[in-house]
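Coordinate inspection notes
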2 protein chains.
Amino acid sequence: MRGIGAIKETGGESGLTERQAVVLEQALRLLVDGGEKALTTAGVARAANCSKESLYKWFGDRDGLLSAMIAFQASKVRTLEVSPETLDAASLRAHLVAFAKDLLEVLAGDVSLALNRLAIGQASREGSKLGHLLQERGRRQIGRRAGALLEAGRKAGLLAFTDAEEAYGALYGLVVSDWHLRLLLGEALGDMKKDFSRRAESAVDAFLTLYGTKG
Amino acid sequence: MRGIGAIKETGGESGLTERQAVVLEQALRLLVDGGEKALTTAGVARAANCSKESLYKWFGDRDGLLSAMIAFQASKVRTLEVSPETLDAASLRAHLVAFAKDLLEVLAGDVSLALNRLAIGQASREGSKLGHLLQERGRRQIGRRAGALLEAGRKAGLLAFTDAEEAYGALYGLVVSDWHLRLLLGEALGDMKKDFSRRAESAVDAFLTLYGTKG
DNA sequence: CTCCAGCAGTACCGTACGGTACGGTTCGTA
DNA sequence: TACGAACCGTACCGTACGGTACTGCTGGAG
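First, a word on what this report is: a plain description of the structure on this page. (Residues numbered from 1 in each chain as written. Chains lettered and ligands numbered in written order. Predicted model: local features only at pLDDT ≥ 70, side-chain atom pairs only at ≥ 80, totals over all residues. Heavy atoms only, no water.)

**Focus on the protein's contact with DNA strand C**
For DNA strand C, the set of nearby residues contains 15 residues, the closest of which are A:Lys52, A:Glu53, A:Tyr56, A:Arg62 and B:Ser54. Near-protein atoms of DNA strand C (within 4 Å) split between backbone and bases, with sugar and phosphate holding 56%. At a separation of 2.3 Å, a base nitrogen of DNA strand C approaches a polar side-chain atom of A:Glu53. One of the side-chain nitrogen or oxygen atoms of A:Arg62 is found 2.7 Å away from a phosphate oxygen of DNA strand C. Broken down by secondary-structure element, the contributors of at least two residues to the surface near DNA strand C are helix H3 (52–59) of chain A together with helix H3 (52–59) of chain B. Here the surface near DNA strand C takes four residues from H3(B), the largest share from any one element. Of the residues assigned to the surface near DNA strand C, the class counts are three nonpolar, five polar and seven charged. (Near = heavy atom within 4 Å. Polar contact = N/O pair within 3.5 Å; in protein donor to acceptor, adjacent residues only side chain to side chain. Helix = DSSP H or I, 4+ residues; strand = E, 2+ residues; numbered from the N terminus. Nonpolar A, V, L, I, M, F, W, Y, C, P; charged D, E, K, R; others polar.)

See below:
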């Protein structure tokens, strides 16, 4: 069934049928709208116009579906990985600000919040399988982009740090602070919706004060 | 029933019977051990040697029990609120480091993690009642301590900031970074168990670089 | 001693969900 | 046309949980 599959599969990348992608899309929508309780197998089947039997054939069981949802969402959010070869102080700052804004946008996204809530709720029992998956697929990705940027800054003599991980931790903390937790706890981001720019800029300025070499 | 209650109540503060305190204690233990799924009304009743009927009489319904658990735990963790009147650079740094270590200890605590997971899991539906409660009872408390400390530092001419909230956000971010989220997602804190001191110190040093006036 | 409030223990009910089984239908292939 | 695989829709089953009702037992007040 694999040989002829070229007709039925959406792309060789992930081994997902279009049908299955639709299912995962609808499942994510249900999760975003109503939380984990709303994510029932019957509900997903109804929303995606498929049968529960197919669900179990494709994803094994409910946990398999959850894992597939995380992997699916991660595969959609591909962070552009640009590490420019020519850097001056201004362009480094601009790149850092862009990164910080992207980080805030991603973390405040509906689907990201819903998946994080799901994984956190599941973390107590079962060895936190979903938590590891989310960490691996999500944070690693965005962490690599920041790492490359920081490394480029150091190569250009614009940044000074010994431990890249520590520097990245400082940048992340200055940008995010406790925003992520507050959003996860249900605080409406309402008013602060577009403080993203201002917040990103002051965080980056603080970061450059700590790790910049100009002066 | 209130007049004679002095015999039966544990303290006039919270209006909780000893019996009810035992129930909440056992409920917290169940939550820490097995997550929200393990926190069933029957399980709590069995663990606390009381009847389900009493549970519902005392707490209304399951959500009432959850709220009571959060309030109960918050009432136990009373943060010492010291804002010394005499401050020099060294003692300010020591106070900040102590605060940072306490913050890390609290956030990494079993019960804190379990309650945060519970509130986050509940945050999707129902207007995030538990999230607000946790925010109000937990963060407000520790935020006030930090606020007093920062204000004292400014009064003594050791710190310079215009927006206290922003300064506190920077301190929090530098200290915590993404540790809290990683712990919530189930990452074992295993090896990093006692990096608390080192981490607190470097975070405070960075904070003082940003907001200190010495130099 | 009597009475009564409070509570443990348990049985019970309705519901909702995860997972399975089955009939009917579509569609590609020979 | 005939066959078979995939699959939708639905019915079904076992279980587990939230919430309620009932039966005693105990201990203190009069």
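Moving on from the coordinates now.
**Looking at the interface of chain A and chain B**
At the interface, 32 residues of chain A touch 32 residues of chain B. Interface of chain A and chain B: buried area, both sides summed, is about 3,000 Å²; carbon and sulfur atoms make up 62% of it. Where chain A meets chain B, there are two salt bridges. Of the charged contacts, one joins A:Asp178 and B:Arg139 as a salt bridge, the two residues approaching to 2.4 Å between their closest N and O atoms. Summed over the shared surface of chain A and chain B, the result is six residue pairs in polar contact (both at pLDDT 80 or more). Going through the elements one at a time, helix H6 (110–122), helix H7 (129–155), helix H8 (164–176), helix H9 (179–184) and helix H10 (196–211) of chain A are the ones with two or more residues in the side of chain A that touches chain B. (Contact = heavy atoms within 4.5 Å. Buried area = accessible area lost by both parts, 1.4 Å probe. Salt bridge = Lys/Arg side-chain N within 4 Å of Asp/Glu carboxyl O.)

**Structural notes on empty space enclosed by the protein**
Rolling a probe over the atoms, with the probe sized like a water molecule, indicates the empty space that remains. The final tally for this structure, using the stated rule, is eight cavities of 30 Å³ or more. If you trace the largest cavity, you find 14 residues lining it, with A:Ser177, A:His180, A:Leu181, B:His180 and B:Leu181 closest to the centre. For the lining of the largest cavity, the secondary structure elements donating two or more residues are H8 and H9 of chain A together with helix H8 (164–176) and helix H9 (179–184) of chain B. Within this model, the second largest cavity holds a volume of roughly 50 Å³. If you go around the second largest cavity, the residues you meet are B:Thr41, B:Leu55, B:Tyr56, B:Phe59, B:Gly60, B:Asp61, B:Arg62 and B:Leu65. Sorting the residues of the lining of the second largest cavity by element identifies H3 and helix H4 (62–76) of chain B as the ones contributing at least two each. Per-element accounting of the lining of the second largest cavity gives the leading share, three residues, to H3(B). Classifying every residue of the lining of the second largest cavity gives four nonpolar, two polar and two charged. (1 Å grid on protein atoms, 1.4 Å probe; cavity = no way out; pocket = protein on both sides within 12 Å on 5 of 7 lines; lining within 4 Å. Points joined across faces, edges and corners; volume = space filled by probe spheres on them.)

**A word on the packing of helix H6 (residues 110–122) of chain B against helix H7 (residues 129–155) of chain B**
For any two helices packed against each other, one specifies the inter-axial angle together with the distance between the axes. Residues and elements named next belong to chain B. Where H6 meets H7, the closest approach of the two axes is 7 Å, and the angle between their N-to-C directions is 140°. Residues Leu 115, Asn 116, Leu 118, Ala 119 and Gln 122 of H6 form the contact with H7, whose participating residues are Leu 130, Gly 131 and Leu 134. Residues that form the contact of H6 with H7 fall into these classes: five nonpolar, three polar and no charged. (Axes fitted to C-alpha atoms, helices over the stretch in contact; angles between N-to-C directions.)

**A word on the packing of helix H1 (residues 18–34) of chain B against H4(B)**
Residues and elements named next belong to chain B. Contact geometry for H1 and H4: axes closest at 10 Å, N-to-C directions at 95°. As summarised for this structure, H1 and H4 are arranged roughly perpendicular, according to the angle between their axes. For the pair formed by H1 and H4, the contact residues are Ala 21, Val 23, Leu 24, Glu 25, Ala 27, Leu 28 and Leu 31 on the first element and Leu 65, Ala 68, Met 69, Phe 72, Gln 73 and Lys 76 on the second. When the residues that make up the contact of H1 with H4 are grouped by side-chain class, the tally is ten nonpolar, one polar and two charged. (Parallel < 35°, antiparallel > 145°, perpendicular 65-115°, else oblique.)

**Structural notes on the layout of surface pockets**
Here the largest pocket is characterised by a volume of approximately 680 Å³. Forming the walls of the largest pocket are 28 residues, and the residues nearest its centre are A:Trp179, A:Arg182, A:Arg199, B:Glu165 and B:Glu166. Secondary structure elements with two or more residues in the lining of the largest pocket: H9 and H10 of chain A together with H7 and H8 of chain B. Here the lining of the largest pocket takes six residues from H8(B), the largest share from any one element. Residues of the lining of the largest pocket, tallied by class, amount to ten nonpolar, five polar and 13 charged.

**Comments concerning the relation of the copies chain A and chain B**
Mapping chain A onto chain B calls for a screw motion: a turn of 180° about the axis and a shift of 0.0 Å along it, with 0.1 Å RMSD after fitting. A rotation of that kind, with that shift, is consistent with a two-fold axis. Judged by C-alpha distance, A:Gly173 is the residue of chain A that lies nearest the rotation axis, at 1.9 Å. An overlap of 100% is found between the interface residues of chain A and their copies at the interface of chain B, pointing to a shared contact surface. (Least-squares fit on C-alpha atoms with pLDDT ≥ 70 in both.)

**A word on the protein's contact with DNA strand D**
Contacts to DNA strand D come from 16 residues, most closely from A:Ser54, B:Lys52, B:Glu53, B:Tyr56 and B:Arg62. Sugar and phosphate atoms represent 57% of those atoms of DNA strand D found within 4 Å of the protein. Note that a phosphate oxygen of DNA strand D is positioned 3.0 Å from one of the backbone N or O atoms of A:Ser51. The backbone of B:Thr41 places a nitrogen or oxygen atom 3.0 Å from a phosphate oxygen of DNA strand D. When contributions to the surface near DNA strand D are tallied by element, the ones reaching two or more residues are H3 of chain A together with H3 of chain B. Across the surface near DNA strand D, the residue classes break down as five nonpolar, five polar and six charged.

**Here's the deal with helix H1 (residues 18–34) of chain A**
Residues and elements named next belong to chain A. Relative to the 24 Å expected for 17 residues at 1.5 Å per residue, H1 spans 24 Å between its end C-alpha atoms, a close match to the ideal helical length. Buried residues in H1 make contact with helix H2 (41–47), H3, helix H4 (62–76) and H6. In the stretch just after H1, Gly 35 is the one whose phi turns positive, near 75°. (Expected span 1.5 Å × (residues − 1).)

**Digging into H4(B)**
Residues and elements named next belong to chain B. Here H4 spans 21 Å end to end across 15 residues, near enough to the 21 Å set by a 1.5 Å rise per residue. Looking only at H4, the buried set comprises Leu 65, Leu 66, Ser 67, Ala 68, Met 69, Ile 70, Phe 72, Gln 73 and Ala 74. Residues of H4 that are buried in the fold lie against H1, helix H2 (41–48), H3, H6 and H7. (Buried < 20%, exposed > 50% of the residue type's maximum accessible area, 1.4 Å probe, protein only.)

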